[in-house]
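Structure at a glance
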Amino acid sequence: TLCRLLRLFQFWHDMEVQARALEDPLGTAVLGRVWELRSAPHIFLMQAGFALVEAGTCRSKNVISILIKNIADLLVATVLWFILGFGFAFGDAAPTKGLIGTTHLLGTGLLHGTAVDDMLVTWLIQSTFCATAATIVSGGIAERTDMRGYVIVSGFMSSVVFSSVACWCWNPDGWLQKRGFLDLAGSAVVHVTGGFGALCGAWFVGPRAGRFSADGRMADSIEFAPHSVPFVVLGTLILWYGWYAFNCGSVGALRTDQDFKRALLAATNTSISGAAGGVMAHFIRFLQTSRWDLPFICNGILIGLVSICAGCDSVRPTSAFAIGGIAAVLLRGACSALIWLRIDDPVSAFPVHGIGGLWGVVAASLFHMKGTVLGDPTEAPTLPGQLLGAFSICTFTFSTCLILFMCVRKLGLLNTSELQQRRGLDQESNFSAYNMGEVDRYRALVCHVKSSHGATARWMQLELAKYVGGKSRIFLDSENLINLSHLLATVRDKVDVLTVLATKDIWWRPWCAGEITTASSAGIPIVLVMMAEGDEALEVNFKDLSLKVRSQLSETQMDILAPFGISYDDIERAYKGLEDAPQVPFSVASPTLVREGVDHVSRFMQLNVKRGETLARWSSELLSAARRQACRCGPAGKLFRDQRKGFVLIGNLHDMEAVAAMRIFALAMSHVSQQYRETIDLFCCSMLPEAQVLMLAKQGLPMIIMLSEG
């Protein structure tokens, strides 16, 4: 009982202390500052939301590069905001007539004066706003921008572009601020600035490889599907959570009851506008496609949140509902306009932030509530003033970013190559975001006829594997002929180069025709390895070849390709286009010609070829595969039991398949010798001059004869 009385006394004491603190003006001020301080980390969390939305919307082969750029945005923006940005935005702008601040550079002045808490809180919150504006630009130029050039773009956006616009609108001396321009939480300062920077970048950098057809037809635009819709949804929810701090925190310290009402109205309108945008986006998309388009719904939510930022504390909830709904309609129109203009914006950064921000600036004037909790109805922004501010920000941002992108391109640091884009920018990082033992992308796919050149294709795979880190990076089409859908999807989405072992009859095999046609339509480079027939080099007139398609490929064979949208016309067009493909003559007449052929193929495939690479540098997959193949050979075990140290391997050098089989056998024996820790010399006649083979035979070395037909 005594303990309960003591706890009750302590409770009364605490309540009395809190009541006195609430009556104390200084205590109220401190609590108000705590509100602002707590807003900063919530806004900071929005960076995680942007990273998830952008990474989920783009393709899996670029996830690592996107996350690196988002981290770079945060680091670069924070450092440059401290060095230059804060001074440019909130320093004394009177000498420049409100264009840019001139004090507080390098953090000077943050700890001086009577309003230290105001300065520090402003620096902290606005640093997160600055990083947000820079991150928006990364979405518009995702999946095709050099990391080095992007760091320059991000730094300039943070230190100059955003800071200048923030000075105009939020600095007490800013020229737009003095003209009554209203933008409470950044519809213009953050989102229009970031959105138009993204538009400039998306237009200047150009579309991603394969995004639009070469002939310019709008109908042939290829929509790259998001690789992870859960990422997009989770990122959207995190952003929505952070938006409450984004809008409510912009009200400032809650010193009075009026401040609290403004913050509460801002939070309410944020919820209503975001929800209205999502609902309207769903209805619009469902009417077009009769299905749920979850990524578009998420973009509808985001544009609703963007558009309410400017006037979130000065419009009625019913107006917030209208603002969000209209924003979703504008989103659909802006996305269609970008496709019509052939501007590739992977995450719809401009429609969501640029158009949403512009609409928010205009809506803040159109829907401004008279008799608002702000008090004086004369504070309502005028429509001409809002339009002037929006036009000025758009013009300044686009023109400045255009000069910036031109300079970065001049330095050769802007665009990545088409080959890098097809392989994925994560290749530069040497690891994948989803490294679970599966190959995300193949360096080459070998197209061949298994019945006539199966061993040759397998040997080619092993040879090329030396240059790419393992057999698993070279795909043989014969390994997946049962599932033609998967095979053609692999050619289209996961292959850097299609290598065709060209023979007289390969053109009339349905799967080979499908692979070549799919690669041609998707813009995948094709290398033709012209397989010699005996001593005669293979020559093909591709113009004549295209004319024979309808007579050589039967209707039954075409029925196999029809479900994949491949017609006679498509195959004829693809075969005719092979005239421009690199052709590599391939012969087994001598070891030198064989080696040159492999080197030529690897060079045309743009592999990192280093001659003389040893078998020890091959991947574990190649080692295990070769060992398994060798262990199946009955004579292998006997050879090691006899512990003979040297053998001569001979076979028909005029038979391509026999030569390939000998090469595979030689590789297999080499790895089996390593497995048994024995030293054995295997002299293959396809690798040595004839005179040397005869000399070894005369020395009494045992022979292994590779039997083949003929």
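Structure shown above.
What follows covers the overall build of the protein chain. Scanning the protein chain from terminus to terminus reveals 27 helices and eight strands. The 710 residues of the protein chain split such that 53% are buried. Considering only contacts within the protein chain whose residues lie at least 6 apart along the sequence, 78% involve residues at least 24 apart. Here the protein chain displays about 32,300 Å² of accessible surface, and carbon together with sulfur accounts for 61% of that area.

A complete count under the given rule lists two cavities of 30 Å³ or more for this structure. By volume, the largest cavity amounts to about 150 Å³. Along its surface, the largest cavity is lined by 15 residues, and Phe 50, Val 53, Val 347, Ala 349 and His 353 are the ones closest to its centre. Elements supplying a minimum of two residues to the lining of the largest cavity: helix H3 (46-57), helix H5 (116-140), helix H11 (294-308) and helix H13 (349-366). Here the lining of the largest cavity gets four residues from one element, more than from any other, and that element is H5.

Quick look at the pattern of salt bridges now. What the rule picks out here adds up to twelve salt bridges. For the salt bridge of Asp 146 with Arg 148, the shortest nitrogen-to-oxygen distance reads 2.9 Å. Among the residues examined, Asp 146 registers a relative accessible area of 14% and is labelled buried. Residue class for Arg 148 comes out exposed when judged on its relative accessible area of 52%. Salt-bridge contacts for Arg 509 lead to Asp 505; the nearest nitrogen and oxygen are separated by 3.2 Å. For Arg 509, a relative accessible area of 25% corresponds to the partly exposed category.

Right, let's talk about the packing of aromatic side chains for a bit. Applying the stated criterion across every chain yields a total of 19 aromatic pairs. Here the aromatic rings of Phe 82 and Trp 123 are separated by 6.5 Å at their centres, their planes lie at 80°, and the arrangement is edge-to-face. Taken together, the residues span a long stretch of sequence, with Phe 82 in helix H4 (residues 63-90) and Trp 123 in helix H5 at a distance of 41 residues. By relative accessible area, Trp 123 is classed as buried at 16%. Linked through ring pairs, Trp 81, Phe 86, Phe 90 and Phe 162 together constitute an aromatic cluster. Positioned over the ring face of Phe 224 is Arg 59, at 4.0 Å from the centre of the ring. Over the ring of Tyr 150 we find Lys 69; its NZ or CZ atom is 5.8 Å from the centre of that ring.

On to the nonpolar core. Membership of the largest hydrophobic core comes to 87 residues, with the highest contact counts inside it found for Phe 162, Cys 169, Trp 243, Phe 246 and Ile 393. With nine residues, H5 is the largest single contributor of residues to this core. Beyond its immediate stretch of four places on either side in the chain, Ile 393 contacts Val 165, Trp 168, Cys 169, Leu 176, Phe 181, Ala 188, Val 192 and Thr 193. Of all hydrophobic cores here, the second largest spans 38 residues; its members include Tyr 442, Cys 512, Leu 561 and Ile 571.

Side chains of Val 279, Met 280, Phe 283 and Val 329 sit close together on the surface and give an oily, nonpolar patch of about 340 Å² of accessible area. Mapping Phe 283 onto the fold places it in helix H10 (residues 257-289).

With six of six residues buried, strand S1 (residues 442-447) lies mostly within the body of the structure. The pairing of S1 with strand S3 (residues 495-502) spans five bridges and is classified as parallel. Within the sheet, the bridge partner assigned to Cys 447 lies in S3 and is Val 500. Sheet analysis places S1 next to strand S2 (residues 474-476), joined by three bridges and oriented parallel. Bridged to Leu 445 within S2 is Phe 475.

Phi at His 104 is positive, roughly 65°, even though this residue is not glycine. Summarising the element assignment, His 104 is placed in the loop between H4 and H5. Even without being a glycine, Glu 143 presents a positive backbone phi close to 75°. On the secondary structure map, Glu 143 appears in the loop between H5 and helix H6 (147-170). Accessibility expressed as a relative area gives 1% for Glu 143, which makes it buried.

A few words on the side chain of Ser 159. With respect to the helices, strands and loops of the structure, Ser 159 is situated in helix H6. On the accessibility criterion, Ser 159 (6% relative accessible area) is buried. Polar contacts involving the side chain of Ser 159 include one to the main-chain carbonyl oxygen of Gly 155, which spans 2.8 Å.

Attention shifts here to helix H16 (residues 450-468). Across its 19 residues, H16 extends only 23 Å between first and last C-alpha, which sits more than 12% below the 27 Å expected from 1.5 Å per residue. Of all the bends in H16, the greatest, near 30°, is centred on Thr 456. Most of H16 is tucked away, with 14 of its 19 residues classed as buried. Phi turns positive one or two residues past the end of H16, at Gly 470, with a value near 140°.

Here we come to the pairing of S3. Buried residues dominate S3, accounting for eight of its eight residues. Relative to strand S4 (residues 526-531), S3 runs parallel, the two sharing five bridges. Across the sheet, the residue bridging to Ala 502 is Met 530, located in S4. Note that the unit made of S3, helix H18 (residues 510-522) and S4 has a crossover that is right-handed.

What counts and how
- Residues numbered from 1 in each chain as written.
- Predicted model: local features only at pLDDT ≥ 70, side-chain atom pairs only at ≥ 80, totals over all residues.
- Heavy atoms only, no water.
- Helix = DSSP H or I, 4+ residues; strand = E, 2+ residues; numbered from the N terminus.
- Buried < 20%, exposed > 50% of the residue type's maximum accessible area, 1.4 Å probe, protein only.
- Contact = heavy atoms within 4.5 Å.
- Areas by Shrake-Rupley, 256 points an atom, 1.4 Å probe, with all protein chains shown as cover.
- 1 Å grid on protein atoms, 1.4 Å probe; cavity = no way out; pocket = protein on both sides within 12 Å on 5 of 7 lines; lining within 4 Å.
- Points joined across faces, edges and corners; volume = space filled by probe spheres on them.
- Salt bridge = Lys/Arg side-chain N within 4 Å of Asp/Glu carboxyl O.
- Phe/Tyr/Trp six-rings, centres within 6.5 Å; stacked < 30°, edge-to-face > 60°.
- Lys NZ or Arg CZ within 6 Å of the ring centre and 35° of its normal.
- Core = buried A, V, L, I, M, F, W, Y, C linked by side-chain atoms within 4.5 Å.
- Patch = residues over 30% accessible without salt bridge, like charges linked within 9 Å, V, L, I, M, F, W, Y side chains within 5 Å.
- Pairing = 2+ DSSP bridges.
- Polar contact = N/O pair within 3.5 Å; in protein donor to acceptor, adjacent residues only side chain to side chain.
- Expected span 1.5 Å × (residues − 1).
- Bend = angle between axes of the 7 residues up to and from the residue.
- Right-handed = clockwise from strand over helix to strand, strands pointing away.

Scope: geometric values only; no functional claims are made or implied.
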